[in-house]
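Structural characterization, general
Single-letter residue listing:
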Amino acid sequence: MTEHVDVTPAAVPEGPLVVIGETLIDVVPAGDGDGDGGGGARELPGGSPANVAVTLGRLGRGPVLVTSLADDERGAAAWDWLEASDVRVVAQPPATGRTSTAAVRLAADGSASYDFDLTWDLAPETVARATAGARAAVVHAGSIATVLEPGADAVEEALRAARGRALVTFDPNARPAVTPDVARVLPRVERLVGLSDVVKVSEEDLAWYHPGADPVETARAWAASGPVLVVVTRGGDGSVLVRGDAVVTVPGVPVTVADTIGAGDTYMGALVDALVSLGVHGPEARSVLAVLSLAELRRAASWAASAAAITVSRPGADPPTHAELHAVAQAPAG
């Protein structure tokens, strides 16, 4: 049985959960994972931070997404998708006048790769509008938005301002197709790591940032630079949690994979949900996170893994609702 993280009244934060980053349209070849075998392509809203926001929305957290969307048909589709999952959208139109896209290529095992048509020119004023004077309980950022200029500067400024005031979470989610020069990207990524309280990073991403290095040792080095918790995800092999001297291994959840679109983002959103349920939010986030028991950390990671397993079991970035995840978390294994 996957351990369940219950939401208690004390776990409901006063301020908003704010997610900063790109929203785009995934252009997926028809027949990849949907069983229709036809030609053409399906257009599905997505983007790593947007997927995190949708996960939080479906889990009942009512997040705010600070993003970029054009006033076009694709932008309207993305906006509707976000609002249907109880995400409040604060969007700035891109200079190109068109909503960003990612052409998806699926391998035989369901793993996804992407070719992007994207711009990211978020202004600090747009970020400031997200909270409208309210102090955020959580600030999350990740993926392309954290490294693609000029908008990356506003994201870094937002995380710096939130440190010590909110739970700051970060998912580097490397995109070599957009920023192929790792030597140029890595200093910014590791500055953001240092500003964060929780970092979630895949084993694959760590192999790109630090080729040849042991991922757990890299996680240890990152944890020593600022975060209280670094989580390394390993796909179906589970995850490794690093907090101080403690290294905790959490098994994966067996599942038949439709595709992996949105899996890591679902994990990130559900992990934030679980940590907030445990009281990790607002100005006390770091101190509360530092004293959680290892059993509580395992439960949080198991909750996130179960959420990701649901997402990979169905086509596209389709995170579970709280009811769906609760049902799976309470079901006997096998």
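Residues numbered from 1 in each chain as written. Predicted model: local features only at pLDDT ≥ 70, side-chain atom pairs only at ≥ 80, totals over all residues. Heavy atoms only, no water.

Some remarks on the overall build of the protein
From N to C terminus, the protein includes 11 helices and 13 strands. Dimensions of the protein, computed from C-alpha atoms along their principal axes, come out at roughly 50 × 50 × 45 Å. The buried share of the protein, taken over its 334 residues, is 55%. Considering only residue pairs separated by 6 or more positions, the protein has 74% of its internal contacts joining residues 24 or more positions apart. Counting every atom, the protein has about 13,100 Å² of accessible surface; 52% of that belongs to carbon and sulfur. (Helix = DSSP H or I, 4+ residues; strand = E, 2+ residues; numbered from the N terminus. Buried < 20%, exposed > 50% of the residue type's maximum accessible area, 1.4 Å probe, protein only. Contact = heavy atoms within 4.5 Å. Areas by Shrake-Rupley, 256 points an atom, 1.4 Å probe, with all protein chains shown as cover.)

A short note on the packing of aromatic side chains
Scanning the model with the defined rule gives two aromatic pairs in all. Both rings, one in W208 and one in Y209, keep their centres 5.3 Å apart while their planes meet at 65°; by these two values the pair is edge-to-face. Consider the rings of Y209 and W222, whose centres lie 6.4 Å apart with planes at 55°: the pair is tilted. Here Y209, found in helix α6 (residues 203-209), pairs with W222, found in helix α7 (residues 215-224); they are 13 residues apart in sequence, far enough to count as distant. Look at Y209 and you get buried, because its relative accessible area is 4%. Since its relative accessible area comes to 3%, W222 is described here as buried. An aromatic cluster is defined as three or more aromatic residues linked by ring pairs; in this entry it consists of W208, Y209 and W222. (Phe/Tyr/Trp six-rings, centres within 6.5 Å; stacked < 30°, edge-to-face > 60°.)

So, the sheet that holds strand β10 (residues 198-202)
Strands sit in the order β5-β4-β1-β8-β9-β10-β11-β12-β13 across an open sheet of nine strands; the sheet is mixed. Of all the strands in the sheet, just β5 (88-92) and β13 (246-250) have a single pairing partner and so form its edges. Across the sheet, the mean angle from the axis of one strand to that of its neighbour is 15°, orientation sign disregarded. Looking at chain direction, strand β8 (residues 138-142) and strand β9 (residues 167-171) are connected through five bridges and run parallel. By the bridge assignment, A141 is partnered in β9 with F170. Across the sheet, helix α10 (residues 294-312) touches β11 (229-233), β12 (239-243) and β13, and the angle it forms with β13 is around 40°. (Pairing = 2+ DSSP bridges. Axes fitted to C-alpha atoms, helices over the stretch in contact; angles between N-to-C directions.)

Focus: helix α8 (residues 263-277)
At 3.6 residues per turn, the α-helix brings residues three or four places apart onto the same side. Between its first and last C-alpha atoms α8 spans 21 Å; for 15 residues at 1.5 Å apiece the expected length is 21 Å, and the two agree. When you tally the buried positions in α8, you get 14 out of 15 residues, the bulk of the element. Remark: G279 follows α8 within two positions and exhibits a positive phi of approximately 90°. (Expected span 1.5 Å × (residues − 1).)

Notes on empty space enclosed by the protein
Inspection of the entire model under this criterion finds two cavities of 30 Å³ or more. In terms of lining residues, the largest cavity is bounded by E22, T23, S68, P94, T99, S100, L118, T119 and W120. The residue inventory of the lining of the largest cavity, partitioned by class, reads three nonpolar, five polar and one charged. Residue classes in the lining of the second largest cavity are distributed as seven nonpolar, three polar and one charged. (1 Å grid on protein atoms, 1.4 Å probe; cavity = no way out; pocket = protein on both sides within 12 Å on 5 of 7 lines; lining within 4 Å. Points joined across faces, edges and corners; volume = space filled by probe spheres on them. Nonpolar A, V, L, I, M, F, W, Y, C, P; charged D, E, K, R; others polar.)

As for the pairing of β8
With respect to burial, β8 is a largely interior element, five of its five residues being buried. Relative to β8, strand β1 (residues 17-20) runs parallel, the two sharing four bridges. Across the sheet, the residue bridging to I20 is A141, located in β8. In this fold, β8 hands off to helix α4 (residues 151-162), which returns the chain to β9; that crossover is right-handed. (Right-handed = clockwise from strand over helix to strand, strands pointing away.)

Overview of the packing of α4 against helix α5 (residues 182-195)
Relative to each other, α4 and α5 sit at 20°, their axes nearing to 9 Å. The angle between α4 and α5 falls in the class roughly parallel. The hand of the α4/α5 crossing is left-handed. Here α4 contributes A152, D153, E156, L159 and R160 to the contact with α5, which in turn contributes R188, R191, L192 and L195. Split by residue class, the contact of α4 with α5 holds four nonpolar, no polar and five charged. (Parallel < 35°, antiparallel > 145°, perpendicular 65-115°, else oblique. Left-handed = near helix turned anticlockwise from the far one by under 90°.)

Brief notes about the layout of surface pockets
It is a probe the size of a water molecule, rolled over the atoms, that shows where empty space is left. There is about 1,300 Å³ of room inside the largest pocket. What lines the largest pocket is a set of 47 residues, among which S202, E204, T260, A263 and G264 lie closest to the centre. At the level of secondary structure, the elements contributing two or more residues to the lining of the largest pocket comprise β2 (24-29), α1 (48-58), β7 (112-117), β10, α6, α8 and α10.

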